[in-house]
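# Inside the fold
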Number of protein chains: 2
Amino acid sequence: MALNEEVDALRSIPLFARVAPSQLKLIAFTSERLTFPAGRELFHQGDEGDVAYIVLEGSADVILDTPDGEMTVARLGRNDIIGEMAILMDAPRTATVRAVSELVTLEITKDMFFRMIGEFPEIAVEVMRVLAQRLDATTARLRDARGGE
Amino acid sequence: MALNEEVDALRSIPLFARVAPSQLKLIAFTSERLTFPAGRELFHQGDEGDVAYIVLEGSADVILDTPDGEMTVARLGRNDIIGEMAILMDAPRTATVRAVSELVTLEITKDMFFRMIGEFPEIAVEVMRVLAQRLDATTARLRDARGGE
């Protein structure tokens, strides 16, 4: 894909909507497109890992290993960010993520992630909103699981 | 408390550790100390609310209303941030927070919260880390609750 097309593609991602074109070029230069076939794991719970992904096309499941087997806790799709938890906590992957359909992603290294957050407060706020919403959804699931005991 | 003492107190909060003294003065001017007696609720699940709190002294419980009654999901103490979820999601309070012992807090308005995040990427990253850790802890509780069904 030509650089201009890549920049246009980046601009269509809400996380990058307010980032200046010159900075989008930098992101386009330093990030990489990675495609995963359906059924392929991006990473497994407990893995070490220091990259995040933004979904450009397709969908992926977030899966927890429990004593009773796998539990799917979320389905992620276009524009969702994946794998930011391990980067933020400097810890192993907290869940497994597996492509449901063919998944096209933009790979973001830990360095680029922190650089983007440092330079673009809008990206930081958006990542915080995503984390808050996921925490809210997980808390609601916990409330339901306990209520049903 | 004199302004210099207030600035020293703010600097001892990890969230503000790297913020310049001139900016800490601004935060000290525009934030307010609020004290809650033991047993008092800072807010109740479902309430509207657009302020967050940083705990200076004491501890507080985070409590969910479930069909079977109250469930305490976390205990927060010195330097912890409380109430940032409703600000980030522009939504009602997702849980009740109740003072366990006398609780001294620094009240941060929504405007100040976003201003701090915009001006100090270190604060943004620290809030993200807190959210990621809370999401991780809640996910672990959900895994255990489901595993035990």
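Residues numbered from 1 in each chain as written. Chains lettered and ligands numbered in written order. Predicted model: local features only at pLDDT ≥ 70, side-chain atom pairs only at ≥ 80, totals over all residues. Heavy atoms only, no water.

## Brief notes about the relation of the copies chain A and chain B
The condition is simple: Here the copies were fitted onto each other by least squares, based on C-alpha atoms from residues at pLDDT of at least 70 in both. Contacts are assigned to residue pairs that have any heavy atoms within 4.5 Å of one another.
Note on the identical chains: chain A maps onto chain B by a rotation of 180 degrees and an axial translation of 0.0 Å, with an RMSD of 0.0 Å. Such a turn and shift between the copies fits a two-fold axis. When the interface residues of chain A are mapped onto chain B, 100% of them again lie at the interface, so the same face is used by both copies.

## Description of the interface of chain A and chain B
Cut-off, in case you're wondering: Summed over both partners, buried area is the accessible surface (1.4 Å probe) that two parts give up on being assembled. Put simply, a salt bridge is a Lys or Arg side-chain nitrogen that is within 4 Å of an Asp or Glu carboxyl oxygen.
On the chain B side, the residues contacting the 36 residues of chain A number 36 residues. Around 3400 Å² of area is buried between chain A and chain B when both sides are counted, 75% of it from carbon and sulfur atoms. The largest per-residue losses of area from chain A upon contact with chain B belong to A:M128, A:L135 and A:R143, which jointly make up 19% of the total buried on that side. Taken together, the links from chain A to chain B amount to zero salt bridges.

## Topic: the pattern of salt bridges
What counts, and what does not: Runs of E in the DSSP output that reach at least two residues are strands. Runs of H or I that reach at least four are helices, and both are numbered from the N terminus. Burial classes: relative accessible area under 20% of the type maximum marks a residue as buried, over 50% as exposed, and values in between as partly exposed (1.4 Å probe, protein chains only).
Applying the stated criterion to the full structure yields 16 salt bridges over all chains. Between B:R134 and B:E84 there is a salt bridge, with the nearest N and O atoms lying 3.1 Å from each other. With B:R134 in helix 5 (residues 121-147) and B:E84 in helix 3 (residues 84-89), this residue pair connects regions lying 50 residues apart in the sequence. There is no split in this pair, since B:R134 and B:E84 are both buried. Among the charged side chains, a network of salt bridges with common partners joins A:E41, A:E70 and A:R98.

## Quick word on helix 1 (residues 3-11) of chain B
Because the α-helix completes a turn every 3.6 residues, residues three or four places apart line up on one side. Residue and element names in this part refer to chain B. Defined as follows: Here, the arc refers to the directions that run from the helix axis to the C-beta atoms.
The complete set of buried residues in helix 1 reads E6, V7 and L10. Down the axis of helix 1, the sector holding all buried residues measures 100 degrees, keeping them to one side. At its buried positions, helix 1 is contacted by helix 2 (21-30), strand 1 (32-36) and strand 8 (103-109).

## Side note on the pairing of strand 3 (residues 51-57) of chain A
All names here are of chain A. Here is the rule: What makes two strands pair is DSSP finding at least two bridges between them.
With six of its seven residues buried, strand 3 lies for the most part within the structure. Pairing analysis gives six bridges linking strand 3 to strand 8 (residues 103-109), with the strands arranged antiparallel. Bridge pairing in strand 8 links I54 to L106. Sheet topology note: the strand 3/strand 6 (residues 81-82) ladder contains two bridges and is antiparallel.

## Here's the deal with unusual backbone geometry
With phi around 80 degrees, A:N79 is a residue other than glycine that occupies positive phi space. By the secondary structure assignment, A:N79 is in the loop between strand 5 (69-76) and strand 6. Phi at B:D90 is positive, roughly 55 degrees, even though this residue is not glycine. Note on placement: B:D90 falls in the loop between helix 3 and strand 7 (96-99). B:D90 gets classed as exposed once you look at its relative accessible area, which sits at 62%.

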